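Listed here are the chains, written in short residue letters.
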Amino acid sequence: MTDVVLPCRNEAPALPALLSRMPSGYRPIVVDNGSSDGTAEVARAFGAEVVTVAEPGYGAAVHAGVLASDPDDGVVCVMDADGSFDPGFLPLVAGPVLTGASQLGTARRRPTGRGAWPLHARAGNALLARRIRRTTGLAVHDIGPMRAVRRDDLLGLGLRDRRFGYPLELLLAAGRAGWRVTEVDVDYHPRAAGTRSKVSGSVLGTVRAVRDMSAVLAR
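Rules and cut-offs
One numbering rule holds for all chains: residues counted from 1, following each sequence as written. Thresholds applied to this predicted model are a pLDDT of at least 70 for local features of residues and 80 or more for the giving and counting of side-chain atom pairs; totals over whole chains, interfaces and linings are not thresholded and use all residues. Only heavy atoms go into the side-chain values, all of them from the structure, while hydrogens and water stay out. Each residue's exposure class comes from its accessible area (1.4 Å probe, protein chains only) as a fraction of the maximum for that residue type: buried when under 20%, exposed when over 50%, partly exposed otherwise. Helix and strand definitions here come from DSSP, where helices need a minimum of 4 consecutive H or I residues and strands a minimum of 2 consecutive E residues; each element is numbered from the N-terminal end. Looking down the strands as they point away from the viewer, one classifies a crossover as right-handed if the path from the first strand across the helix to the second runs clockwise. Strand pairing is defined by DSSP finding a minimum of two bridges between the two strands. In a helix, the anticipated span is given by 1.5 Å times the number of residues less one. Each direction from the helix axis to a C-beta atom contributes to the arc, which is the arc of those directions. Ring pairs shown here join Phe, Tyr and Trp side chains whose ring centres sit within 6.5 Å, with only the six-membered ring taken for Trp; geometry is labelled stacked below 30 degrees between planes, edge-to-face above 60, and tilted in between. Whether a charge sits over a ring comes down to the Lys NZ or Arg CZ being within 6 Å of the ring centre and within 35 degrees of the ring normal. The term salt bridge refers to a pairing of a side-chain nitrogen on Lys or Arg with a carboxyl oxygen on Asp or Glu at a separation within 4 Å.

**Looking at the pairing of strand β2 (residues 26-32)**
- With six of its seven residues buried, β2 lies for the most part within the structure.
- Note that the unit made of strand β1 (residues 2-8), helix α1 (residues 15-20) and β2 has a crossover that is right-handed.
- Where β2 and strand β3 (residues 49-52) come together, four bridges link them in parallel fashion. For Val30, the partnering residue across the bridge sits in β3 and is Val50.
- On the question of chirality, the crossover connecting β2 to the parallel β3 by way of helix α2 (residues 39-45) is right-handed.

Okay, here's the thing in structure tokens:
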């Protein structure tokens, strides 16, 4: 069984379809990070384990989910829970890690239609990915919104960011550690109706993301 950490804040509208499509052998762990829309109740109704974390931030939610994952399973996946990703791609992302070919599997988003990935968000992601390639030599083109890694390897990196800078810090740390990283293409859909991006959905979210990622790059 491979655990899948799903950091959530007000993602209840997306969870029924997402959890219903979870592939066999993949166990969802929904990390409720301050939701007010019944996210935890919906997750439990669809058979997911629910972890509640009071500390706000994407990185805090992911870290709590990783700690809650089964250490005996070895590999843990992380995926956004807003309905923009098909969990059917999880085996493709996790496969190289499960076989030992890579230490980190990441996804490269391929939009399925207009509106799935706003131009400003895509441009910002491309700039960050280029910075990662130049800094670490990793051949990545996305900052990894869907990823797979061995639990002990991830915890061993000692990642410190608990907000939006977490995915960026992970890639930088993996590159500096000399990890083998595999990037695969995955479909990227418009987010589920009733959910809103924590980054591009508001000016404050964008400002916070820029602040957090700038702090990671400055280390």
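There's more to say after this.
**Topic: the pairing of strand β5 (residues 104-111)**
- Here three bridges tie β5 to strand β6 (residues 146-150), and the two strands are oriented antiparallel to one another. Opposite Gly105, over in β6, you have Ala148 as the bridge partner.
- Bridge count between β5 and strand β7 (residues 181-188): eight bridges; the pairing is parallel. Of the residues in β7, the one forming a bridge with Pro111 is Tyr188.

**As for helix α5 (residues 119-136)**
- Given a rise of 1.5 Å per residue, 18 residues ought to cover 26 Å, and the 26 Å separating the end C-alpha atoms of α5 matches this to within 8%.
- Listed as buried for α5 are Asn125, Leu128, Ala129, Ile132 and Thr136. End-on view of α5: buried residues confined to an arc of 105 degrees, all on one side of the axis. Summarising the geometry of α5, the exposed residues directed more than 90 degrees from the buried face are Leu119, His120, Leu127 and Arg134.

**Side note on helix α7 (residues 166-176)**
- Taking burial as the measure, the 11 residues of α7 include 10 buried ones, the bulk of the element.
- Listed in full, the buried residues belonging to α7 are Tyr166, Pro167, Leu168, Glu169, Leu170, Leu171, Leu172, Ala173, Ala174 and Gly175.
- Looking one or two places after α7, you find Gly178, whose phi comes out positive at around 75 degrees.

**So, the packing of aromatic side chains**
- Applying the stated rule across the entire model yields two aromatic pairs.
- Measuring from ring centre to ring centre gives 6.5 Å for Tyr58 and Tyr166, while their planes differ by 70 degrees; the resulting arrangement is edge-to-face. Here Tyr58, found in helix α3 (residues 58-68), pairs with Tyr166, found in helix α7; they are 108 residues apart in sequence, far enough to count as distant.
- The lysine or arginine in question, Arg109, covers the ring of Tyr188, its NZ or CZ lying 5.2 Å from the ring centre.

**A word on the pattern of salt bridges**
- Inspection of every chain in the model, using the stated rule, returns six salt bridges.
- Between Arg27 and Asp3 there is a salt bridge whose closest N-O contact spans 2.7 Å. Of this pair, Arg27 sits in strand β2 while Asp3 sits in strand β1, and the two are 24 residues apart along the sequence.
- Arg27 gets classed as partly exposed once you look at its relative accessible area, which sits at 27%.
- Put simply, Asp82 and Arg191 hold a salt bridge, and the shortest N to O gap is 2.9 Å. Pair noted here: Asp82 is in the loop between β4 (75-79) and α4 (90-98) and Arg191 is in the loop between β7 and α8 (203-217), with a separation of 109 residues, a long-range link.
- Overall, the relative accessible area of 5% leaves Asp82 in the buried class.
- Salt bridges sharing partners connect three or more residues here, namely Asp3, Arg27 and Glu49.

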